[in-house]
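# An overview of the molecular structure
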Amino acid sequence: MNTLVNRTAVVTGAASGIGKALAHRLAREGCHLALVDIDGEALERARGEFASTGRTVSLHVANVADRARMLALPEEVLAAHGHVHLLVNNAGVSVAGRFEEVGLEDLDWIFGVNFWGMVHGCKAFLPHLRREPEAHIVNLCSSFGLLGFAGKTGYSARPRRASSPAEPFPPTGSRAASSKASGATPPGSSSDSIIISSIGWHGCHLTCPRR
């Protein structure tokens, strides 16, 4: 995208951690924001941090794993902003444990949020992004999917597929792709609320930062 000024960005997992940091940076670059998170109270607390930016900020409580909720989300964003130009699929969860220790319901939870949440976001917003002269999708993945990590079987599995839904626009070089793009981005180490919300052995919180 040539400019972010007066563009509208949708950021999932935006109430804390990497998502909120990205939202702050986008606001500084001139973006209006549609902040999406499952934690409505955290979203309300975050709202005050953007009061001085002069940007239009809308809050949307949503579980990205909920297909019906995500497919309904674009209409809310369009009602608040009129347009959407940038989608940042950032929401993520984690479970700690060896493969034999992690239950199938835990794997369903991880893939529901980390993989299907990303797919839902792309499917829901792609038709609206295509209508804009410029648009972009950013899917945050994880270096764990490239390197692997002991005790992170479920979490490491999803990022290996993160690049697949990151190709909704035409290939580079085509005329239609000149102002539209997508990509999968693995951030480095960070302190993130995924640490707090992660399920570890015996229900303990995970102490390893998200990568």
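Described in the following lines is the structure provided in the data block. None of the values given here were measured: they were computed from a predicted structure. (Residues numbered from 1 in each chain as written. Predicted model: local features only at pLDDT ≥ 70, side-chain atom pairs only at ≥ 80, totals over all residues. Heavy atoms only, no water.)

### Observations regarding the pairing of strand 2 (residues 32-37)
Filter applied, for reference: Type-normalised accessible area, obtained with a 1.4 Å probe on protein chains alone, sets the label of each residue: buried when under 20%, exposed when over 50%, and partly exposed for intermediate values. The helix and strand labels rest on DSSP assignments: H or I over at least four residues marks a helix, E over at least two residues marks a strand, and numbering proceeds from the N terminus. Handedness rule for crossovers: strands pointing away from the viewer, path from the first strand over the helix to the second running clockwise, crossover right-handed. Note on pairing: two strands pair once DSSP finds at least 2 bridges between them.
In terms of burial, strand 2 is a largely internal element, six of the six residues being buried. The alternating pattern of strand 2 places H32, A34 and V36 and L33, L35 and D37 on opposite faces, both of which are buried. In the classification by handedness, the crossover that spans strand 1 (residues 8-12), the intervening helix 1 (residues 17-28) and the parallel strand 2 is right-handed. Pairing geometry for strand 2 and strand 3 (residues 57-61), over five bridges, is parallel.

### Points about the packing of aromatic side chains
Defined as follows: The aromatic pairing rule takes the rings of Phe, Tyr and Trp, using the six-membered ring of Trp, and pairs them if the centres are within 6.5 Å, calling planes under 30 degrees apart stacked, those over 60 edge-to-face and the rest tilted. Consider the ring centre and the ring normal. A charge sits over the ring if Lys NZ or Arg CZ is within 6 Å of that centre and within 35 degrees of that normal.
Here the structure, examined in full by the defined rule, presents one aromatic pair. Between F115 and W116, the aromatic rings sit 5.4 Å apart at their centres with planes inclined by 80°, giving edge-to-face as the arrangement. According to the relative accessible area criterion, W116 is partly exposed, its value standing at 39%. Positioned above the aromatic ring of W116, the side-chain terminus of R67 is 5.1 Å from the ring centre.

### A word on the environment of L26
The cut-off we apply is this: Contacts were defined at the residue level, with two residues in contact if any of their heavy atoms lie within 4.5 Å.
Mapped onto the fold, L26 is located in helix 1. The exposure class assigned to L26 is buried, which follows from its relative accessible area of 10%. Discounting chain neighbours no more than four positions away, the residues touching L26 are L4, A9, V11, C31, L33, L86 and V88.

### Considering the pattern of salt bridges
The condition is simple: Whenever a carboxyl oxygen of Asp or Glu lies within 4 Å of a side-chain nitrogen of Lys or Arg, that contact is scored as a salt bridge.
Under the definition given, this model contains six salt bridges. E134 is the salt-bridge partner of R7, the closest N and O atoms lying 2.9 Å from each other. A residue pair is termed long-range when its members are at least 10 positions apart, and R7 in the segment before strand 1 and E134 in the loop between helix 4 (104-129) and strand 5 (135-140) qualify at 127 residues. For R7, a relative accessible area of 19% translates into the label buried.

### Considerations on the nonpolar core
Our working rule: Side-chain atoms within 4.5 Å are what join buried Ala, Val, Leu, Ile, Met, Phe, Trp, Tyr and Cys residues into a set we call a nonpolar core.
Judged by nonpolar contacts, the single largest core of 21 residues is most densely connected at L26, L33, L35, F50 and V88. Among the elements of the structure, strand 1, helix 1, strand 2, helix 2 (40-47), strand 3, strand 4 (86-89) and strand 5 are those that each provide at least two residues to this core. With four residues, helix 1 is the single largest residue contributor to this core.

### Observations concerning unusual backbone geometry
Here N6, not a glycine, exhibits a phi torsion of approximately 60°, which is positive. On the secondary structure map, N6 appears in the segment before strand 1.

### Observations concerning helix 2
Selection rule: It is the directions from the helix axis to the C-beta atoms that the arc portrays.
Taken as a whole, helix 2 has its buried residues at A42, L43 and A46. With its buried residues spanning 105° around the axis, helix 2 presents them on a single face. Helix 2 presents E41 and R45 as exposed residues on the side facing more than 90 degrees away from its buried surface. Lining the buried residues of helix 2 we find helix 1, strand 2 and strand 3.

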